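Take a look at the letters that make up each chain.
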Amino acid sequence: MLTTTDKSDTEIKNDVLTELKYEPSVKITDIGVLVKESAVTLNGFATSYGEKWDAVKVAKRVAGVRAIADDIEVKFPESLKRDDGDIAIAAANHIDWLSWTLPGKTILITVRNGWVTLDGEVEWWYQKETAESTVRYLSGVKGVSNQITIKPRLSATKVEDEIEASFRRIALLDAEKIEVETSGNKVTLSGTVRNYAERDEAERVAWAAPGVHSVDNQLTVRWSWFGE
C-alpha cells in the first residue's frame with residue numbers, strides 16, 4: 001500500500017509547483033519551492049497579500065506535505081501602493097458594505113506599515129472569517145492579524161452531537177477518526193486527518209456550531225492513500 005513515506009521530496013516539490021501553476025491567483029514564475037524531509041518552504045514574492053495567502057493555501061492541499069514555511073515577500077507594483085490611511089479607509093468601507101452580515105460598529109481596524117489588525121466582537125465564526133477575507137485582497141495590504149473575538153448569545157448546548165453529525169454529512173471528512181470534546185464553550189478536536197484541507201474543514205465545522213467561543217485543533221495530519 002502506498003503511503004507518504006513513498007513520496008520523495010522531489011515528487012512533493014513537483015506536485016506543489018503543479019498545483020501553483022493551476023491556481024489562477026498565483027503567478028508561478030515569481031514563487032520558489034524548496035522541500036526537505038517533506039517540509040515545504042515557499043519563497044519569492046507576490047504582488048498582494050491575497051496572492052501570498054493563496055499560495056500557502058495551495059501548498060496545504062498537496063499530499064505528503066508535513067509542514068510549510070512561508071517566506072514569500074509581498075512586493076507591490078507602483079500602481080497598487082497605498083499609505084496606511086488609504087488602506088484603513090478602504091478596509092472600513094468594505095466592512096461597512098457587508099453590514100448585512102458584519103456588525104461593522106463592533107469591528108475596529110488598525111493599519112500600520114500595511115499590516116491590518118482587526119479587533120472587536122462578533123457572534124459567529126463566519127463573521128470573523130468574513131471580516132478577514134474582506135480585507136485580505138485589498139491593494140496595499142501586506143498582512144492581516146485577526147484578533148476579533150467570538151461572543152455568541154447562544155449557549156453551547158449539545159455542541160458535540162451537532163459537530164459530529166455535521167462531520168458525518170461532509171464527504172471530505174472521515175468522522176470516525178476525529179474526536180470532539182467540549183468544555184463549556186471551548187471545543188477540542190483530536191485524532192487524525194488525511195490532509196491539511198481536511199484539518200481546516202474540521203475546524204471550520206467546529207467553529208460553525210452555535211455557542212462556540214474557541215476551537216483547539218489538535219488534529220494530526222497523517223497522509224495516506226487508498227483508504228489506509
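Residues numbered from 1 in each chain as written. Predicted model: local features only at pLDDT ≥ 70, side-chain atom pairs only at ≥ 80, totals over all residues. Heavy atoms only, no water.

What follows covers the side chain of Glu51. Within the element layout of this structure, Glu51 appears in helix α2 (residues 49-60). With no salt bridge to any partner, buried Glu51 finds its closest opposite charge in Lys27, at an N-O distance of 7.7 Å. Setting aside residues no more than four positions away along its own chain, Glu51 makes contact with Ser25, Val26, Lys27 and Ala46. (Helix = DSSP H or I, 4+ residues; strand = E, 2+ residues; numbered from the N terminus. Buried < 20%, exposed > 50% of the residue type's maximum accessible area, 1.4 Å probe, protein only. Lys, Arg positive; Asp, Glu negative; His and termini not counted. Salt bridge = Lys/Arg side-chain N within 4 Å of Asp/Glu carboxyl O. Contact = heavy atoms within 4.5 Å.)

What follows is about the environment of Arg136. Positionally, Arg136 belongs in helix α4 (residues 125-136). Separated by 85 residues in the primary sequence, Arg136 and Glu51 have C-alpha atoms spaced 9.3 Å apart. In this view, Arg136 contacts Tyr49, Gly50, Trp53, Glu129, Val141 and Val144; residues no more than four positions away in its chain are not counted.

Turning our eyes to something else, we now look at the side chain of Asn195. Looking at the element boundaries, Asn195 is found in the loop between β10 (186-193) and α6 (196-208). At a separation of 3.2 Å, a polar atom in the side chain of Asn195 contacts the main-chain amide nitrogen of Ala197. Separated by 2.6 Å, the side chain of Asn195 and the backbone nitrogen of Glu198 make a polar contact. (Polar contact = N/O pair within 3.5 Å; in protein donor to acceptor, adjacent residues only side chain to side chain.)

What follows concerns the environment of Thr47. With respect to the secondary-structure elements, Thr47 resides in the loop between β2 (39-46) and α2. Looking at Thr47, the relative accessible area reads 30%, which means it is partly exposed. In the structure, Thr47 is positioned 121 residues away from Arg168 in sequence and 40 Å away in space, judged by C-alpha atoms.

The end-to-end C-alpha separation of helix α3 (residues 84-97) is 20 Å, in line with the 20 Å expected for 14 residues at 1.5 Å each. Those residues of α3 lying buried are Ile87, Ala90, Ala91 and Ile95. Seen along its axis, α3 keeps its buried residues to an arc of 130°; they face one direction. Residues of α3 that are exposed and angled more than 90 degrees away from the buried face: Ile89 and Trp97. On the buried face of α3, the contacting elements are β5 (107-112), β6 (115-122) and α4. You can read the cap of α3 off the contacts: a side-chain oxygen lies 3.2 Å from the backbone nitrogen of Gly85, and it is on Asp83. (Expected span 1.5 Å × (residues − 1). Arc of directions from axis to C-beta.)

Take the nonpolar core next. Residues Ile107, Leu118, Ile163, Phe167, Val187 and Leu189 are the most contacted members of the largest nonpolar core, which totals 38 residues. For this core, the secondary-structure elements that each account for two or more residues are α3, β5, β6, α4, α5 (159-169), β9 (178-183), β10 and α6. Not counting residues up to four positions away in its chain, the partners in contact with Leu189 are Phe167, Glu179, Val180, Ala202, Glu203, Ala206, Val215, Asp216, Asn217, Gln218 and Leu219. In this structure, Val33, Val35, Ala46 and Val65 belong to the second largest nonpolar core, which totals 18 residues. (Core = buried A, V, L, I, M, F, W, Y, C linked by side-chain atoms within 4.5 Å.)

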